[in-house]
Amino acid sequence: MAANVRPPDPGADGRGDLPPHIAAASLPRRASPASERTPVYAMVGNPNCGKTTLFNALTGLRQKVGNYPGVTVEKKIGEAYSQHGRPMKIIDLPGAYSLAARSPDEAVTRDVLLGRRADTPQPDRVICVLDATNLERSLYFVHQIFDLGRPVIVVLNMMDLAQRAGIEIDARELEARLGVPVIAGEAVHGRGVVELRLAMSRAELPLPRHRWDVPAPIAPAVAELQASLSEGDGRPPLVARAEALLLLTDFDTVRVAGSTPLSARTTGILDAWRQRWAGQGTDWSGTLIKSRYDSIHRLCHDVTRRTRTQGPSLSDRVDAILIHSVWGWLVFATIMALLFFSIFTLAEYPMNWIDSQVAALGDWVKSTMSAGDLRDLFTDGVIAGVGGIVVFLPQILILFFFVGLLESTGYMARAAFLMDRPMSRVGLHGKSFIPLLGSYACAIPGIMATRTIEDAKDRLVTILVAPLMSCSARLPVYLLMIATLLPGDALPAGTKAGIMLLMYFLGTAGAFGFAWLFKRTLLRSSPPLMILELPPYQPPRFKDILRHMVERAWLFLKNAGTIILAISIVLWFLTTYPKHPDPAASPDVQIAHSFAGQAGKVIEPLIKPLGFDWRIGIGLITSFAAREVFVSSMGVIFGVQAGDDNTAPIRDAMRAAVWPDGAPLFTPLVCLVLMVYYVFAMQCMSTIAIVKRETNSWRWPLFQIAYMTGTAWLVCFAAYQAGRALGF
Amino acid sequence: MSSAPIPLSPLCQLPAGRTGRVTRLTGDEGFCQRIREMGFGEAALVTKISGSSTSLCLVNGMRIALNHGAAMSILVEHLPAAAR
């Protein structure tokens, strides 16, 4: 038997059988957005159901999409236009399975929908994007959205995949049963976008009419809590109902209430009901969830039809290899090896071309300008600094192309599956590997991606170790040092790729090691339980991958044209002034006399035990802004030192560098130790800023700087001293 | 005549290729809540695709990976080989 507490179904008069205290304030049957202002739509749905693809199609924006759960972890706001040319605001929200949020990304969705975010308007209308291959599970979240009493448009996305899986959905019947517009489509192919825009353009949208009876043992509690939340906690009536249902689904009251504590009255009611149910042995959370699913199951039974029994899909057959305990690892290792091999082989031609253009530009400036400080500023500061870094653009693009392939095909989630076992050895689970894998490209999105991790301590551990994964900014440093270490093009690319792979391995091993340490000391918690949905494989979407590569290339060039340019000019000034009293002094003597030379000498005692001199020290300091600045700094320092007639690549100037006693500075051992330093040291201001934001404290970023840079020093000291003792 | 008891075991012990019905969830409350919300609650049919330490399962047409701890917390009754 079910009690008569229902979601808003106001019927013909707009009142229906809502409780009296709500009926007075309830919305009419057909709700229209305020005509005076831009209507606000929220786009919601389960993770990886195609929300962002649809959002991009509607707004013309280019938010990142991928084929794994957790691509969107923060709300994105865009603007679209109705068929009448009226602007409409759309908020793309992170994927969620339920309004009972269990991770920070889901909490963003819940808070926006419940109107708790001061920086975001509460949506007037909600677009629920459903994965048509998974209707029942998708409708659970929609069911909760209906509790909010807002007009809803349902989009049945991935209809093509559903048909291929033998699932037929009667969209018209579903629309009739739910009482809201239902649009069948395939966002990837742009199908359904026009229909959605038309539905969004309607001045009036109906409120959901799907009926659901709250189970009898729970219903009185819902009514009581709803009244208390509405009267005592000041919640709008329909939000009060949704929140009452959430409080009776989620065991963690604080998680539901967010930063607004519940009133004593509401807390008292909740505690009393929970105690009563505990005494009766009633599983209130399970009862509510089951009741929703029973209702959804009946609905799905009526609107879906299986046209054939599903055998093993293509994804199943591919998974039989890619997540196999032996073949899976071989494929994983092959992908990584192929990535590094490509970086050294495919990138060679464009790199040589850029290198020659930079050199030609330097020569042209030298031949057209008269000798002097201004010319030196251009050649030794701007061209050596910025040109030295721009040359690595092709390799960075290759890295992003590979990461894009992994994200687009659905392999990321498989990598997390494979890595679950090794991750469990250090106290984390496979889900933590997705942010770590993303950090190979850049630690910033990697750290943002930790928002999908439910346990706060596991999330913090993942944030703390993510910057140890070798990001794309380290790539130019590694490449420069490998070029200095292994001169000549005759050496096989495999050897260079092998050294590179070693650095990536070292960073990954470091991340695992520190995760193990933190989980056993600072951030001890019970072993986490992992539930991860593996999306079906999809062909790579090259358009999106290329677009992402162009965006990254632009970002890289923008950095080169702003931060790196500014640092190069400042560094040129610091290495050129004050001028040595003797105008005929050699470049070596001049640079030692400069501001940078003097500052470098101050820190030299600290880094000399690692085999580094003051010139490298300057690079270490300047690259605190961003790791790749090390390369431009070396370009400026050794460009200045090489004098006017030398436009050779930086690596040649570095190979010629010596200590005051004539011993070579960049020995193979020093090159390796320098790479190891960059594997471990925290050298990125943007990462520090994002860690501060994500942990809401300076404590953790400062700790991160201390432990990472301290480890870098200790490991380099041990490696250099051991290498020296062994005669290297 | 009594029918043979249906074997009950944690999901991680369900052989690959076999289907079971979820009978009980034994993990912490938050885990049980989430897994029910994903449609993996009591009475759901689950087919084990592969894995022992990390399990890959098919539930309602979706592939779900569970680590060992999670798969240990889900008790299933083994269904006959023909059941799907």
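In this text, all values refer to a predicted model and were calculated from it rather than measured experimentally.

What counts, and where the lines are drawn
Residues numbered from 1 in each chain as written. Chains lettered and ligands numbered in written order. Predicted model: local features only at pLDDT ≥ 70, side-chain atom pairs only at ≥ 80, totals over all residues. Heavy atoms only, no water. Helix = DSSP H or I, 4+ residues; strand = E, 2+ residues; numbered from the N terminus. Buried < 20%, exposed > 50% of the residue type's maximum accessible area, 1.4 Å probe, protein only. Contact = heavy atoms within 4.5 Å. Pairing = 2+ DSSP bridges. Buried area = accessible area lost by both parts, 1.4 Å probe. Salt bridge = Lys/Arg side-chain N within 4 Å of Asp/Glu carboxyl O. Polar contact = N/O pair within 3.5 Å; in protein donor to acceptor, adjacent residues only side chain to side chain. Core = buried A, V, L, I, M, F, W, Y, C linked by side-chain atoms within 4.5 Å. Domains from an automatic or database assignment. pLDDT = per-residue confidence, 0-100. Axes fitted to C-alpha atoms, helices over the stretch in contact; angles between N-to-C directions. Parallel < 35°, antiparallel > 145°, perpendicular 65-115°, else oblique. Left-handed = near helix turned anticlockwise from the far one by under 90°. Nonpolar A, V, L, I, M, F, W, Y, C, P; charged D, E, K, R; others polar.

Some remarks on the overall build of chain B
Helices and strands together make up the secondary structure of chain B, namely two helices and six strands. Each helix and strand of chain B, placed in order from N terminus to C terminus, yields the pattern β-β-α-β-β-β-α-β. Taken across its 84 residues, chain B has 54% of its residues classed as buried. Counting contacts in chain B only where the partners sit at least 6 residues apart, residues at least 24 apart contribute 65% of the total.

Some remarks on the pairing of strand E3 (residues 76-81) of chain A
Residue and element names in this part refer to chain A. Sheet topology places E3 next to strand E4 (residues 87-92); six bridges connect them, and they run antiparallel. Pairing of Gly-78 across the sheet is with Ile-90, part of E4. Linking E3 to E4, which pair antiparallel, is a turn of five residues; within it Gly-85 sits at a positive phi near 85°.

Remarks on the interface of chain B and chain A
Often, the extent of an interface is quoted as the loss of accessible area on bringing the components together. At the interface, 28 residues of chain B touch 38 residues of chain A. Taking both sides of the interface into account, the surface hidden between chain B and chain A amounts to around 2800 Å²; carbon and sulfur atoms contribute 57%. Summed over the three residues of chain B that lose the most area to chain A, namely Arg-34, Glu-37 and Arg-63 of chain B, the buried surface amounts to 27% of that side. Our count for the contact surface shared by chain B and chain A stands at four salt bridges. Residue Arg-34 of chain B is joined to Glu-106 of chain A by a salt bridge in which the shortest nitrogen-to-oxygen separation is 2.9 Å. Seen at the junction of chain B and chain A, the total is 13 residue pairs in polar contact (both at pLDDT 80 or more).

Points about the nonpolar core
Residue and element names in this part refer to chain A. In this structure, Met-500, Phe-612 and Phe-666 are the most contacted members of the largest nonpolar core, which totals 137 residues. Not counting residues within four places of it along the chain, the set of residues in contact with Phe-612 comprises Glu-604, Ile-607, Leu-620, Trp-659, Val-670, Val-673, Leu-674 and Tyr-677. With 68 residues, the next largest nonpolar core counts Leu-93, Leu-148, Leu-178 and Ile-289 among its residues.

A look at the environment of Leu-339 of chain A
All names here are of chain A. As for its position among the elements, Leu-339 is in helix H14 (residues 327-345). We classify Leu-339 as buried; its relative accessible area is 7%. In this structure, the C-alpha to C-alpha distance between Leu-339 and Met-412, residues 73 residues apart in sequence, is 15 Å. In this structure, Leu-339 is in contact with Ile-398, Leu-399 and Phe-402, ignoring residues within four places of it in sequence.

Quick notes on the pattern of salt bridges
One pass over the full model with this rule turns up 37 salt bridges over all chains. Notably, a salt bridge pairs Asp-319 of chain A with Arg-63 of chain B, separated by 3.7 Å at the nearest N-O pair. Taken together, the residues Asp-319 of chain A in helix H13 (residues 314-322) and Arg-63 of chain B in strand E5 (residues 62-66) connect one chain to another. For the pair Asp-319 of chain A and Arg-63 of chain B, a shared accessibility class is recorded, and that class is buried. Because the salt bridges share partners, they merge into one network encompassing Glu-74, Lys-75, Arg-117, Asp-119, Arg-451, Arg-459, Arg-693 and Glu-694 of chain A.

Examining the pairing of E5 of chain B
Where burial is concerned, most of E5 of chain B is hidden: five out of the five residues are buried. Going residue by residue along E5 of chain B, you find Met-62, Ile-64 and Leu-66 of chain B tucked away on one face and Arg-63 and Ala-65 of chain B tucked away on the opposite face as well. The pairing of strand E11 (residues 531-534) of chain A with E5 of chain B spans four bridges and is classified as antiparallel. Bridging from a neighbouring strand, Leu-534 of chain A pairs with Arg-63 of chain B of E5 of chain B. The pairing of strand E4 (residues 55-59) of chain B with E5 of chain B spans five bridges and is classified as antiparallel. Counted as the bridge partner of Cys-57 of chain B is Ile-64 of chain B from E5 of chain B. Where E4 of chain B folds back onto E5 of chain B in an antiparallel hairpin, the turn is made up of two residues, including Asn-60 of chain B, whose phi is positive at roughly 50°.

Section: the side chain of Asn-134 of chain A
Residue placement: Asn-134 of chain A occurs in the loop between strand E5 (125-131) and helix H4 (135-146). Using a relative accessible area of 3% as the deciding quantity, one classes Asn-134 of chain A as buried. Among residues more than four places away in sequence, those in contact with Asn-134 of chain A are Glu-533 of chain A together with Asn-60, Gly-61 and Met-62 of chain B.

A closer look at the domain arrangement of chain A
With domains assigned, chain A is organised as domain 1 (40-206) and domain 2 (554-725). Averaged C-alpha coordinates put domain 1 of chain A and domain 2 of chain A at centres separated by 49 Å.

Observations regarding the confidence of the model for chain A
On average, chain A scores 85 in pLDDT, and the residues at 70 or more come to 92%. Counting contacts from residues 1-34 of chain A, a segment whose pLDDT is below 50, to residues more than four positions away or on other chains yields 79 contacts.

Section: the packing of helix H8 (residues 219-231) of chain A against helix H9 (residues 237-247) of chain A
Residue and element names in this part refer to chain A. Interhelical geometry of H8 versus H9 gives an angle of 130° and a closest axis separation of 8 Å. Here H8 is positioned oblique relative to H9, judged by the angle of their axes. Our pair here, H8 against H9, has a crossing hand that is right-handed. Each of Val-222, Leu-225, Gln-226, Leu-229 and Ser-230 in H8 lies in contact with H9, whose residues at this interface are Pro-237, Ala-240, Arg-241, Glu-243, Ala-244, Leu-245 and Leu-247. Looking at the contact of H8 with H9, its residues break down into eight nonpolar, two polar and two charged.

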